[in-house]
Structures are given as structure tokens and as C-alpha cells.
Amino acid sequence: MKLSDSLVHNNSILLQAEAQDWQQAVKVGVDLLVKAGVVEPRYFNAILAGVEQFGPYFVLAPGLAMPHGRPEEGVLKTGFALVTLKTPVCFGDDDNDPIDILITMAAVDAKTHQEVGILQVVNLFEDEANFDRLRACRTPQQVLDLINQTTAAAATH
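Given the structure is predicted, the values throughout are model-derived calculations rather than measurements.

*Asks:* Residues and numbers for the overall build of the protein, please.
*Replies:* When its secondary structure is counted, the protein shows seven helices and five strands. Written out in order from the N terminus, the α and β elements of the protein read α-β-α-α-β-β-β-β-α-α-α-α. What you see for the protein is a C-alpha radius of gyration of 14 Å, in line with the 15 Å of a compact globule of 157 residues. Principal axes of the C-alpha set define a box for the protein whose edges measure 40 × 30 × 25 Å. Pairs at least 24 residues apart make up 70% of the contacts formed inside the protein by residues separated by at least 6 positions. The protein carries 11 positive and 20 negative side-chain charges, and their two centres are separated by 8 Å.

Right under this line is the structure:
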């Protein structure tokens with residue numbers, strides 16, 4: 001499932017969300033996926049346990065995190081949630097903090113996880129200007145338009 005399709009199908013875009021800390025920021029995304037029937041509530045605790053064990057392994061770039069756990073930790077089906085924060089939070093990653101864009105990912109297996117939406121995510125953030133474009137989005141449709149534009153542009157290269 002493509003990132004954009006998942007976000008539409010699961011109604012899992014939340015813009016300018018409020019979070020006091022990184023745990024709360026992660027919970028916002030997981031809660032969207034729980035509500036959509038993509039993951040079980042225990043998926044949140046699995047992500048927290050992963051950070052406790054490995055550090056903030058899903059902080060990918062300045063301002064961007066992609067929280068996720070393992071398929072057996074409560075994933076019911078593959079899906080994504082996209083959250084932007086009104087106020088960035090710190091995950092303890094000196095190079096990339098603070099974070100204000102989170103793409104929470106759930107995949108039924110490692111192969112799906114790599115093939116599916118990752119390509120759209122890579123395309124989206126390959127152009128650094130898209131970080132600010134995404135931060136400027138105020139409606140889910142603006143987010144989807146941005147993702148679809150970057151996917152179409154990548155396809156023509």
C-alpha cells in the first residue's frame with residue numbers, strides 16, 4: 001500500500017498536533033493507526049521498548065522521525081500515519097532534534113515495509129524544501145497533493 005493511499009484509507013493525517021514530549025508525539029501517530037484498525041494498542045509500548053533498547057533508531061533526518069515497531073508487536077495490517085507537531089519535541093538524537101514531522105509506520109512483514117510506502121517517503125524528503133512545504137500544510141488534502149506531486153515528479157526522472 002502506498003503512503004498516500006494508506007493515509008486516505010485510514011484517515012491518518014493529523015496536522016499541528018500538540019505533544020509535550022516525544023513519547024506523546026509517537027502516541028498521537030499510533031493512536032491514529034489503532035483507530036483505523038491497523039495496529040493493536042500494544043504497538044505503542046513496543047515502540048517505546050525499542051527506543052529504550054536501541055535509542056531513537058527511527059529519527060531519520062533533521063525534523064523527521066518514522067516511528068515503527070516489529071510486525072509481531074501488534075501490527076494487524078500495513079499502514080501509515082502522518083503527524084506534524086505545532087511545537088517540535090526532542091528524541092535525544094543530537095544530529096536531528098528537534099522533531100516536528102512523524103510518519104508512523106506499521107508493516108505486516110519486513111518486505112512490505114521496505115517496498116511499500118518507503119519509496120514515497122524517500123521521494124517526499126529527497127527535496128529538502130518539502131520539509132517546509134509539509135510543515136506549511138493545514139489540510140490533509142494539501143499533504144496528499146504534496147506526496148502525489150513528489151511521487152509523480154520522481155516517476156518522470
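On we go from here.
*Asks:* Quick one: what's the story with the pattern of salt bridges, residue by residue and with numbers?
*Replies:* This structure, assessed with the given rule, holds seven salt bridges. Note that D127 and R133 form a salt bridge whose closest N and O atoms lie 3.2 Å from each other. With relative accessibility at 41%, the residue R133 sits in the partly exposed group. The network of salt bridges with common partners includes D100, D132 and R135.

*Asks:* Outline helix α2 (residues 22–35), listing residues and values.
*Replies:* Here α2 is 14 residues long and its end C-alpha atoms lie 20 Å apart, about the 20 Å a rise of 1.5 Å per residue gives. For α2, the set of buried residues is W22, A25, V26, V28, G29, V30, L32 and L33. Along its buried surface, α2 packs onto β1 (13–17), α3 (42–54), β4 (79–89) and β5 (99–106). The N-cap of α2, judged by a side-chain oxygen 3.3 Å from the amide nitrogen of Q23 a few residues on, is D21.

*Asks:* Lay out the packing of aromatic side chains in plain terms, naming residues and giving numbers.
*Replies:* Scanning the entire structure with this criterion turns up five aromatic pairs. Consider the rings of Y57 and F58, whose centres lie 5.0 Å apart with planes at 75 degrees: the pair is edge-to-face. The exposure class of Y57 is partly exposed, given its relative accessible area of 32%. Ring geometry for F125 versus F131: centroids 4.7 Å apart, planes at 45 degrees, classification tilted. F131 shares its class with F125; the two are buried.

About the thresholds
Residues numbered from 1 in each chain as written. Predicted model: local features only at pLDDT ≥ 70, side-chain atom pairs only at ≥ 80, totals over all residues. Heavy atoms only, no water. Helix = DSSP H or I, 4+ residues; strand = E, 2+ residues; numbered from the N terminus. Rg over C-alpha atoms; globule rule 2.2 N^0.38 Å. Contact = heavy atoms within 4.5 Å. Lys, Arg positive; Asp, Glu negative; His and termini not counted. Charge placed at Lys NZ, Arg CZ, Asp CG, Glu CD. Salt bridge = Lys/Arg side-chain N within 4 Å of Asp/Glu carboxyl O. Buried < 20%, exposed > 50% of the residue type's maximum accessible area, 1.4 Å probe, protein only. Expected span 1.5 Å × (residues − 1). Polar contact = N/O pair within 3.5 Å; in protein donor to acceptor, adjacent residues only side chain to side chain. Phe/Tyr/Trp six-rings, centres within 6.5 Å; stacked < 30°, edge-to-face > 60°.

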